[in-house]
Amino acid sequence: MATRNIHMIVIGGSSGALDALAALLPALPPGYPLPLAVVLHLPPTQPSHLVEVLRTKASLPTREPDDKEPIVPSTVYVAPPNYHLLVERGRSFSLSVDRPVLFSRPSIDVLFESAADAFGPHLAGVLLSGANEDGARGLGRIAEAGGLTIVESPATAAVPIMPAAALQRVAIDHAVPAAAIGTLLARLAAPTRSGEAT
Amino acid sequence: MTTSPDPELSALLDAVYHRYHYDFRGYAEASLRRRIGAALTHLRCPSLAELRERVLAEPRGFSELLRFLTVQVSDLFRDPSYYRSLRERVVPYLRTYPSLKVWVAGCATGEEAYSLAIVFAEEGLLDRTLIYATDIHPESLRAAEAGVYDLERFARFSDSYRQAGGRGSLSDFYTAQYSSAILDRRLKQAILFSDHSLATDVAFAEVELVSCRNVLIYFDRPLQDRAIGILRDSVRRKGFLGLGAKETLRFSAHAEAFTELVPEDRIYQRR
Ligand SMILES: C[S@@+](CC[C@H](N)C(=O)[O-])C[C@H]1O[C@@H](n2cnc3c(N)ncnc32)[C@H](O)[C@@H]1O
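Residues numbered from 1 in each chain as written. Chains lettered and ligands numbered in written order. Predicted model: local features only at pLDDT ≥ 70, side-chain atom pairs only at ≥ 80, totals over all residues. Heavy atoms only, no water.

The next thing to look at is the interface of chain A and chain B. If you look at the interface, chain A gives 29 residues, while chain B gives 30 residues. When residues of chain A are sorted by the area they lose upon contact with chain B, A:Asp66, A:Lys68 and A:Arg89 head the list and together hold 29% of the total. The interface formed by chain A and chain B holds 7 salt bridges in total. Between B:Lys246 and A:Glu64 there is a salt bridge whose closest N-O contact spans 2.6 Å. Only β5 (84-87), β6 (93-96) and α3 (108-119) of chain A provide two or more residues apiece to the side of chain A that touches chain B. Top contributing element to the side of chain A that touches chain B by residue count: α3(A), with 6 residues. Along the lines of polarity and charge, the residues of the side of chain A that touches chain B split into 11 nonpolar, 4 polar and 14 charged. (Contact = heavy atoms within 4.5 Å. Buried area = accessible area lost by both parts, 1.4 Å probe. Salt bridge = Lys/Arg side-chain N within 4 Å of Asp/Glu carboxyl O. Helix = DSSP H or I, 4+ residues; strand = E, 2+ residues; numbered from the N terminus. Nonpolar A, V, L, I, M, F, W, Y, C, P; charged D, E, K, R; others polar.)

All names here are of chain B. Domains assigned within chain B are domain 1 (7-70) and domain 2 (80-270). The centre of domain 1, based on its C-alpha atoms, is set 29 Å off from the matching centre of domain 2. Taken together, the contact between domain 1 and domain 2 spans 13 residues of the former and 11 residues of the latter. Interface of domain 1 and domain 2: buried area, both sides summed, is about 1,000 Å²; carbon and sulfur atoms make up 57% of it. (Domains from an automatic or database assignment.)

Here it is as structure tokens:
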């Protein structure tokens, strides 16, 4: 794994994934350089709610990106409710209101597939607890492009359906508990020296 | 990382442009690719090259493709706080004008234009207002003009209407017939639907308010600049521009032409 040169991390999940995220985000220190983009399926609520919850867990700046916002290091980006979040090849985000995919908007597959196209082997994809099969296809695309694939171990996930579906379809690099995912991600990149979280 | 656009995709978009004068060449690539992928599956086309041939051979093939290239998704009072802010922050200015023009750019099936018409009606402004609503998708424009929607959707629309500060009941503005809701004639009479492309046409008219929501997200940065330039040229000085909840002028070359009036609802005022 030390040989991998990862530039971005994408994370998806649904039921149970908020707890998993809360367990893994604290492993990433202030100044952790990689950008992370997160899609969680939640009932559509107040726009900033999820961001506020995640802010209390992450030592990195956390926000919903605007359309065409350039992807910068050391930032957690959260898909806004009711939009798909996509990564463009020029390393910026796009949003779309295209119809839901597998009943979901935002869709994990949409984020993962576009990020795989943009970052190829320099992407890590993480699929957490969840009650449907969104994300399995996207992780497949990340694997095909030579990226790193990680799922929360179905044995420890609150709801195992989502990671199990991915394990069935894709040769996954790591299937481990949420806290161990945090350690794995932390090792993908050393924190920058100048980096101080704001 | 590859930044070079896929040559087969470019060839398809070039062909569509030269043959049908619809310009999708500056659309944001990630979601365009997904929709074209869906078109390949749905139209049972094995490759982009074959899709291009089919589209060139028959206009019907093109109108089928057009349905995939554009995204016809809309709601009455989508993002209620936007309409509430228009009502509370913009309408007081608009009241001072003896007559009003509004432009809804990228109106899809009409919901945004009708939502504005309802706000204007409740604020007593509709009689002096003309709303232009434009799109590039002919089928959507026809549906918009008809103003008939699934009644099923109206429970949700009524909630949004109330959150948007609606003064009465949404049912004041439509008649239910079987499973349809038919919008009121007085709303329709205030709206002129027509064809206009932010990618290929020029400024539309001089108006007091432009509402262009969830259209710019489908454009890449250079095309966004072109489109925002058109919107700017169409808003009179001290007039207003409203964008979608996640759209911003922040990355645009034209940001300087506007001030932020209601930043959280992406409502701008022309300098
Ligand atoms: C997602 S809909 C937005 C509907 C509505 N404004 C709303 O926010 O609910 C996007 C619309 O933009 C239209 N559109 C796409 N390209 C356009 C262009 N070049 N000029 C004008 N409209 C365009 C599409 O046909 C579609 O109706």
